[in-house]
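A closer look at the structure
The chain contents come next:
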Amino acid sequence: MPLKPEQQQAIQDKARELYARAARLYRLPETPPEVRLDLRGRAAGQWRVTAGRESLRFNPHIFALDWRNHFPDTVAHEVAHSVIYRRFGLGPGRRRPHGPEWREVMTRLGFEPRVTHDTDLSLIPIRRAPTYPYRCTCRVYALGVRRHRNAQQGERIYYCRSCGDKLRFDPDANVLEQKSA
């Protein structure tokens, strides 16, 4: 792992500190969820809830590449998502991920409510998923694996946003630009 042990510990400690602060501010449980340093790809951090269990995941490659830009801000960003979940849940009337509630939590935790980072990710290893060419009357789209599978199994029909024509799989087509149907 590219992070030094003291950096890994600093992320864990900062998460605990932020949960303690949020618990005082919002009268919420202080116990942080599991914090993992196994996120890959282009995201620096991720908050998730699966089967009622929360987790915070961080990308050690991005943190190692630009520690000052991500610590502690990215940790606070993901903790703020958790605070919103703990306050409002995921049910009807769900809050926007970076809406006013999230921005208010970030501010009260003492951080600027930034949504994106500007780290150059050209050195980060990424996995490219295959795409499949689909054609309408006006262009060729590149559909990802899931949409291709849904279309092939007849579970979903995709249409062009420009001409309204049904998209048809065309294995011989060249995809010049990435379009989402």
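Residues numbered from 1 in each chain as written. Predicted model: local features only at pLDDT ≥ 70, side-chain atom pairs only at ≥ 80, totals over all residues. Heavy atoms only, no water.

1. Side note on the overall build of the chain
Selection rule: Put simply, DSSP marks the helices as runs of H or I at least four residues long and the strands as runs of E at least two long, and each gets a number from the N terminus on. Radius of gyration means the value over C-alpha atoms here, while the globule rule gives 2.2 Å times the residue count to the 0.38 power. The cut-offs for exposure are 20% and 50% of the maximum accessible area for each residue type, with area from a 1.4 Å probe on protein chains only; residues under the lower value are buried, those over the upper are exposed, and the others partly exposed. Note on areas: these come from Shrake-Rupley sampling with a 1.4 Å probe, and a residue is covered only by the protein chains present in the view. Within this scheme the basic residues Lys and Arg register as positive and the acidic residues Asp and Glu register as negative, but His and the chain ends are omitted. Positions of charges follow a simple convention, taking NZ of Lys, CZ of Arg, CG of Asp or CD of Glu.
Regarding its fold elements, the chain presents six helices and six strands. When its helices and strands are written in sequence order, the chain yields α-β-β-β-α-α-α-α-β-β-α-β. The C-alpha atoms of the chain give 20 Å as radius of gyration, which overshoots the globular expectation for 181 residues (16 Å, by more than 25%). In terms of its C-alpha atoms, the chain occupies a principal-axis envelope of roughly 60 × 40 × 30 Å. Looking at the chain as a whole, 38% of its 181 residues are labelled buried. Split by element, the accessible area of the chain, about 11300 Å² in all, is 46% carbon and sulfur. With 33 positive and 20 negative side-chain charges, the chain shows a separation of 4 Å between the mean positions of the two kinds.

2. Side note on the sheet that holds strand 2 (residues 45–50)
Definition in use: DSSP calls a pair of strands paired once it identifies at least 2 bridges connecting them. Fitting a line to C-alpha atoms yields each axis, with helices limited to the stretch in contact; the angle taken between N-to-C directions then spans 0 to 180 degrees. Every residue pair with non-hydrogen atoms within 4.5 Å of one another is taken to be in contact.
With respect to topology, three strands assemble into an open sheet ordered 1-3-2, the strand pairing being mixed. Pairing within the sheet leaves two strands with one partner each, and these edge strands are strand 1 (34–36) and strand 2. Ignoring which end each strand starts from, the neighbouring axes of this sheet average 20 degrees apart. Bridge analysis of strand 2 against strand 3 (residues 53–58) gives six bridges, and the strand direction is antiparallel. Counterpart to Gln-46 in the pairing with strand 3 is Arg-57. Contacts from helix 1 (residues 5–26) reach strand 1 and strand 3 within the one sheet, and its direction differs from that of strand 3 by about 135 degrees.

3. Topic: the pairing of strand 5 (residues 140–144)
For a regular strand, side-chain orientation follows a simple rule: the groups alternate between the two sheet faces. With four of five residues buried, strand 5 lies mostly within the body of the structure. Between the antiparallel neighbours strand 4 (residues 131–135) and strand 5 lie four residues.

4. Some remarks on the pattern of salt bridges
Operational definition: Counted as salt bridges are all cases of a side-chain nitrogen of Lys or Arg within 4 Å of a carboxyl oxygen of Asp or Glu.
Summed over the entire model, instances satisfying the criterion amount to eleven salt bridges. The shortest N-O distance in the salt bridge between Glu-17 and Arg-21 comes to 2.9 Å. Here Glu-17 pairs with Arg-21, and both are found in helix 1, just four residues apart, close to one helical turn. Of the charged contacts in the structure, one is a salt bridge between Glu-54 and Arg-86, with a shortest N-O distance of 2.8 Å. Note that Glu-54 is positioned in strand 3 and Arg-86 in helix 4 (residues 73–88), a separation of 32 residues in sequence. Accessibility assignment for this pair places Glu-54 and Arg-86 in one class, buried. A single network of salt bridges, built from pairs that share partners, joins Lys-14, Glu-17 and Arg-21.

5. Overview of the nonpolar core
What counts, and what does not: Here the nonpolar core consists of buried residues drawn from Ala, Val, Leu, Ile, Met, Phe, Trp, Tyr and Cys, with membership extended through side-chain atoms lying within 4.5 Å.
Judged by nonpolar contacts, the single largest core of 26 residues is most densely connected at Ile-11, Leu-56, Phe-58, Val-75 and Val-79. In this structure Leu-56 touches Ala-15, Tyr-19, Pro-33, Glu-34, Val-35, Arg-36, Gln-46, Trp-47, Glu-78 and Val-79, once residues within four positions along its chain are discounted. Among the nonpolar cores identified, the runner-up in size contains seven residues, and Cys-136, Tyr-141, Cys-160 and Leu-167 belong to it.

6. Digging into the layout of surface pockets
Rule in force here: Here a cavity means grid points, on a 1 Å grid over the protein atoms only, where a 1.4 Å probe fits yet cannot get out; a pocket means an open set of points with protein on both sides within 12 Å along at least five of seven lines; lining residues are those with an atom within 4 Å of a point. Grid points are joined across faces, edges and corners, and a volume is the space filled by probe spheres set on the points.
Roughly 620 Å³ of internal volume is contained in the largest pocket. Taken together, 30 residues line the largest pocket, and the ones lying closest to its centre are His-77, Glu-78, His-81, Pro-97 and His-98. Contributions of two or more residues to the lining of the largest pocket are made by strand 2, helix 3 (67–70) and helix 4. Take the lining of the largest pocket: its biggest share by element is seven residues, from helix 4.

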